[in-house]
Amino acid sequence: MNLKQLSETLGLSQTTVSRALNGYPEVAEATRRKVLEAAQAHNYRPNARAKSLATGRSMAIGHVIPVSAKHEMVNPIFADFVAGAGEAYLQHGFDMVLSLVPDDGEEAAYRELAAKRSVDGIIVHGPRTDDERIAMLRDIGLPFVVHGRMSRHADDYDWVDVNNLRAFYRATEFLLDLGHRRIALINGLVSMDFAARRLDGFTQALATRGIAPDPDLIRSDEMTEAYGYRSAGEMLDLADPPTAFLCSSIIAALGVRRAIEARGLAMARDVSIITHDDDLSYLSNRGEVPIFTATRSSVRDAGRLCAERVISLVQNPVQPAQQVLLEADLTVGQSTGPAPARTARDT
């Protein structure tokens, strides 16, 4: 069904139907709802080129991804984020433009997308604690939403983030309540904002029990299975090894589990693990009793929320900044238990 046929079916002009589908504010809400329901019922899909010509928009959202040896964004977590964003793009008739660039080519890529009018908006990934992209993106003039936050900037820009500090505070507190005192943190790169906040949550929870963080039990790196395995192995071989691990990724947690089992130890009985779990489609921790105790958040939901927000900004740029802070659920699984008697002691 084309636009003309949809208009005739509804008894409305093609202009009204087009404006309703494209989110123009002057269309009455009842009319917009009627048009959207009819479009869905008749499986109407606008012609992307015609829509672009009619609106003066590219009908695309950009994602600029640095392919770095220090921080690889193209991973299962990013794939789930894109899947969530894709749901919103499909619903609103937008395409996704993905640009993979070297670390030093990120700014040039943003500016080229704007100059060529290849995209109507941007979703920013991997915010760093010292990120300087806010000023540059404002200079470019494209609407943008940040997946995460940039600590050194005021909250006058749009972002969607999980409460990383609170999640890791609660996870550390849970292990402390089980009697663990030698708790290791297998973190992401602390130059990344999410990892810095998780470190803060971990150290603050220890401080409430009068425990100083041990530098030998804190690691920071790209969150791979090999990194989890190597780091956990080195810590377990210490004279005073940890009895629990807190991991920033389920991928790294799998490596920690492998290191535990390689030493003839049992997860939960001898060494406990809590992981941050992004509820990944192809690496699920769900089940009647999950394998890992986890602070769970859906990166797919975050992708959808970011996409919906940037589309809203494209359709109506003059609106106040909006921030969405998601809370992570703490789900108890098979990977945690009381601290072994040799290390448990009164608080």
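Up top is the structure these notes are about.
Every residue gets a number counted from 1 within its own chain, in the order that chain's sequence is written. Owing to the predicted nature of the model, reporting of local features is limited to residues with pLDDT of at least 70; listing and counting of side-chain atom pairs is limited to 80 or more, with chain, interface and lining totals taken over all residues. Think of the side-chain values as coming from all heavy atoms in the structure, minus any hydrogens and water.

**Some words on the sheet that holds strand β11 (residues 323–326)**
Next, step 1: By definition, two strands form a pair when at least two bridges between them are found by DSSP. Helix and strand labels come from DSSP, where a helix needs a run of H or I of at least four residues and a strand needs a run of E of at least two; each type is numbered from the N terminus. With parallel pairing, the 6 strands of this open sheet are ordered in space as β2-β1-β3-β4-β5-β11. Among the strands making up the open sheet, the edge pair consists of β2 (95–101) and β11. Across this sheet, the average inter-strand angle for adjacent strands is 20°, counted without regard to direction.
Next, step 2: Bridging between strand β4 (residues 144–147) and strand β5 (residues 159–162) involves 2 bridges; their strand directions are parallel. Across the sheet, the residue bridging to H147 is V160, located in β5.
Next, step 3: Only heavy atoms enter the contact rule, under which two residues are in contact if any of them lie within 4.5 Å. Between the N-to-C directions of two axes lies an angle of 0 to 180 degrees, each axis being a line fitted to C-alpha atoms and, for a helix, fitted only over the stretch in contact. The strands touched by helix α6 (residues 106–115) within the sheet are β1 (60–66), β2 and β3 (121–124), with β1 carrying the most contacts at an inclination of about 165°.

**Here we look at the pairing of strand β6 (residues 183–187)**
Next, step 1: β6 sits mainly inside the fold: 5 of its 5 residues count as buried.
Next, step 2: Remark: exposure states derive from per-residue accessible area (1.4 Å probe, protein chains only) relative to the maximum for the residue type, with buried under 20%, exposed over 50%, and partly exposed in between. Alternating residues of β6 divide into I183, L185 and N187 and A184 and I186, and every residue in both groups is buried.
Next, step 3: Sheet analysis places β6 next to strand β8 (residues 244–247), joined by 4 bridges and oriented parallel. Within β8, the residue paired with I186 across the bridge is C247.
Next, step 4: With 3 bridges connecting them, β6 and strand β7 (residues 218–220) associate as parallel partners. Of the residues in β7, the one forming a bridge with I186 is R219.

**Some remarks on the side chain of N187**
Next, step 1: Here N187 shows up in strand β6.
Next, step 2: Within 3.5 Å is the distance limit for a polar contact, defined as a pair of N or O atoms, with the added protein rule that one can donate a hydrogen and the other accept it, and that residues adjacent in sequence qualify only through two side-chain atoms. Polar contacts involving the side chain of N187 include one to the main-chain carbonyl oxygen of A195, which spans 2.9 Å.
Next, step 3: Within the local environment of N187, its side chain forms a polar contact with the side chain of S248, the two groups lying 2.7 Å apart.
Next, step 4: Aside from chain neighbours lying at most four places away, what touches N187 is A195, R198, L199, R219, S220, D221, M223, Y227 and S248.

**Brief notes about the packing of aromatic side chains**
Next, step 1: Only the six-membered ring of Trp is used, alongside the rings of Phe and Tyr, when aromatic pairs are assigned; centres must lie within 6.5 Å, and planes under 30 degrees apart are stacked while those over 60 apart are edge-to-face, with the rest tilted. Enumeration over the complete set of coordinates arrives at 0 aromatic pairs.
Next, step 2: Lysine and arginine charges are scored as sitting over a ring when NZ or CZ, respectively, is within 6 Å of the ring centre and within 35 degrees of the ring normal. The ring of W159 has R149 lying over it, and the distance from NZ or CZ to the ring centre is 4.7 Å.
Next, step 3: For the cation-ring pair, R258 lies above Y229, with the distance from its terminal atom to the ring centre recorded as 3.7 Å.

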